Amino acid sequence: MNNPIPTRLAALRAAMKQHGVAAVLVPSADPHLSEYLPAHWSAREWLSGFDGSAGTLIVGREQAGLWTDSRYFAQAEQQLAGSGIALMKLRVPHTPEHLEWLRQQLHEGDVLAVAGDSVALTAQHRIEHTLAGVSVRTDLDLPGMIWSDRPALPQAPVVEHEPRYACIARADKFARLRKAMRKLGATHHLLSSLDDIAWLTNLRGSDVECNPVFLAHLLVQAEGRATLFVSRGKLDDVLVAALAADGIGIADYAAITSALQELGANDHLLLDSGRVVSAIAAGIPQDVTRIEAANPSTAFKAVKSAAELEHIRDVMRRDGAALVRGFRRLEQRLAAGMTVTELDVDTLLHEERSAQPGWVGESFATIAGYQANGALPHYRATPEAHSTLQAKGLLLIDSGGQYLGGTTDITRVLALGETTAEQRRDATLVLKGMIGLSRARFPKGASGPQLDALARAPLWAAGMDYGHGTGHGVGYFLNVHEGPQSIRPPVAGGALVALEPGMISWIEPGLYKPGRHGIRHENLAVVIEADRTEFGEFLAFETLTMCPFDRRAFEPNLLNPEERAWLDDYHANVRAALSPLLADADLEWLNRHCAPL
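This section reports on the structure supplied with the text. (Residues numbered from 1 in each chain as written. Predicted model: local features only at pLDDT ≥ 70, side-chain atom pairs only at ≥ 80, totals over all residues. Heavy atoms only, no water.)

### Focus on the overall build of the chain
Then, in step 1: Assigned secondary structure in the chain consists of 19 helices and 28 strands.
Then, in step 2: The globule rule puts the C-alpha radius of gyration for 597 residues at 25 Å, and the 25 Å found for the chain is close to it.
Then, in step 3: Each principal axis of the C-alpha distribution contributes one length, and for the chain these read about 65 × 55 × 50 Å.
Then, in step 4: When contacts within the chain are restricted to residue pairs at least 6 apart in sequence, long-range pairs at least 24 apart make up 68% of them.
Then, in step 5: Total accessible area computed for the chain in this model is approximately 24,300 Å², and 52% of it derives from carbon and sulfur atoms.
Then, in step 6: For the chain, the distance from the average site of its 56 positive side-chain charges to the average site of its 70 negative ones is 2 Å. (Helix = DSSP H or I, 4+ residues; strand = E, 2+ residues; numbered from the N terminus. Rg over C-alpha atoms; globule rule 2.2 N^0.38 Å. Contact = heavy atoms within 4.5 Å. Areas by Shrake-Rupley, 256 points an atom, 1.4 Å probe, with all protein chains shown as cover. Lys, Arg positive; Asp, Glu negative; His and termini not counted. Charge placed at Lys NZ, Arg CZ, Asp CG, Glu CD.)

Right, here's the structure in full:
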């Protein structure tokens, strides 16, 4: 099969020559700056052939490069082969960042094109500052001009999140938002981030794969109504009436720019310049006062209510029971000598999760990486390329579900048979890091970057590390990746968001040895109040995920008494939580895997 990428690049360069453009910047973004994109905005993937979730493509007159991080190096090398696009490895010594590379390539008076519906205001300002003297055109979408078979916008229905699961009434959320707006002096607030809009309105959709959100913008008046800009055909009349009763009107999705143009000199517009694209902001009149600050709703939804947490705990039990059934069936098939592939793992987990009450779908594409495939952090088996499992070595399974009562994300490493001393040591060192962070006590006001080293310390002591963050927020029947909090190494100039009671995060250290194996253990945990001393208030983590670890993958002698006690206590809690939901062979499997070390 011929590689279509060189032909597409040639067409893009012809369009560049026609419009006098020296280079085209193609981010991985849509008008809502989503992490995962509807196919309509997957221009970077279409032009490069690389389908990882993170990457930036630059096409010059003669050279082209794709920048991505260590999670995708192996995948990108394979997918870019023969395309004429060079892999540019992010955060690797002697590899320039993409704007630095552009600064070296472009000259004063050159034109750089980047579609205005794919670049945040903050990113546009950074580009213009870095490339002083270069003309940056955001009104020119050259990839869109040559993409003749571009997919249409998704038109999936928008539905109400059932009130018994939504927990907080829509009117109450808007009242809290308006209070925050008035405190900031805003008369209006523009939101384009889809998870903020879904959370505020108590609505859900399926326009983005695995994320229960829908394409929309929202304009809220501090003293008045709100307008939801969404395709009218997605909402039935009953839902439109319910929204109207809460002071929310409906306008066409594309009408957001004209609505902004109606604002006047007396208006003060609150917007998050990191979550609003240039093309939308272009509609704001010059005499409107801009208040650039984080969306208040981002912080609101990060802290789960007591009622939401009860739903989440129930979901974790049911999700854990589904995984036990799936893992037991997988083990049974291998013991019987049946042929089992990485694809079958996805099928088994889907069958078990989809039988659970309130299940909606996966929260991301299941990662089932056997042996060396586990060393690719975002590996995905396909019908064309996958491995057959054998009764030896390690299988890494990273999966999750979307339920009406919450979102799950869990990684377990299964020992399918004989393992090497190196594999068991590595799996145990990663576990020690997970336990170290899970057991942490920390003062109120501490942030994720201040705690990240706790998960890495055992690996650092052995001269090893991993290239991704340790944790990120998780939505409530929303995106599996959510801010503003994160647990990752400190970044120069990066904001330190304090961890607060009610915030949920992954705890997910890892270790990857290309060509050999990959290890990643992941639980979800919620921040809780722990203690108050003469030195102030202290917080801790409560582990929410309920599923056994495969102790056969570990070397118990590497665990100290406190770590062994944590693992035994965790498994005792898992057995107590899941036993009422299991029977017969599944219950026997659970008891065996939850036995004390």
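So, next bit.
### Thoughts on the sheet that holds strand β4 (residues 86-89)
Then, in step 1: Strand order in this open sheet of six strands is β4-β3-β2-β1-β5-β6, and the pairing throughout is mixed. Looking at which strands have only one partner, the edges of the open sheet turn out to be β4 and β6 (135-137). For this sheet the average axis-to-axis angle between neighbouring strands, irrespective of direction, equals 20°.
Then, in step 2: Pairing geometry for strand β2 (residues 56-60) and strand β3 (residues 64-68), over four bridges, is antiparallel. Within the sheet, the bridge partner assigned to Thr56 lies in β3 and is Trp67.
Then, in step 3: Helix α1 (residues 5-19) contacts β1 (23-26), β2 and β3 of the sheet and is inclined by roughly 60° relative to β2. (Pairing = 2+ DSSP bridges. Axes fitted to C-alpha atoms, helices over the stretch in contact; angles between N-to-C directions.)

### Considering the layout of surface pockets
Then, in step 1: Looking at the second largest pocket, its volume works out to about 260 Å³.
Then, in step 2: In terms of lining, the second largest pocket is formed by 14 residues, of which the most central are Ser70, Ala375, Pro377, Tyr512 and Pro514.
Then, in step 3: Partitioned by chemical class, the residues of the lining of the second largest pocket number nine nonpolar, three polar and two charged. (1 Å grid on protein atoms, 1.4 Å probe; cavity = no way out; pocket = protein on both sides within 12 Å on 5 of 7 lines; lining within 4 Å. Points joined across faces, edges and corners; volume = space filled by probe spheres on them. Nonpolar A, V, L, I, M, F, W, Y, C, P; charged D, E, K, R; others polar.)

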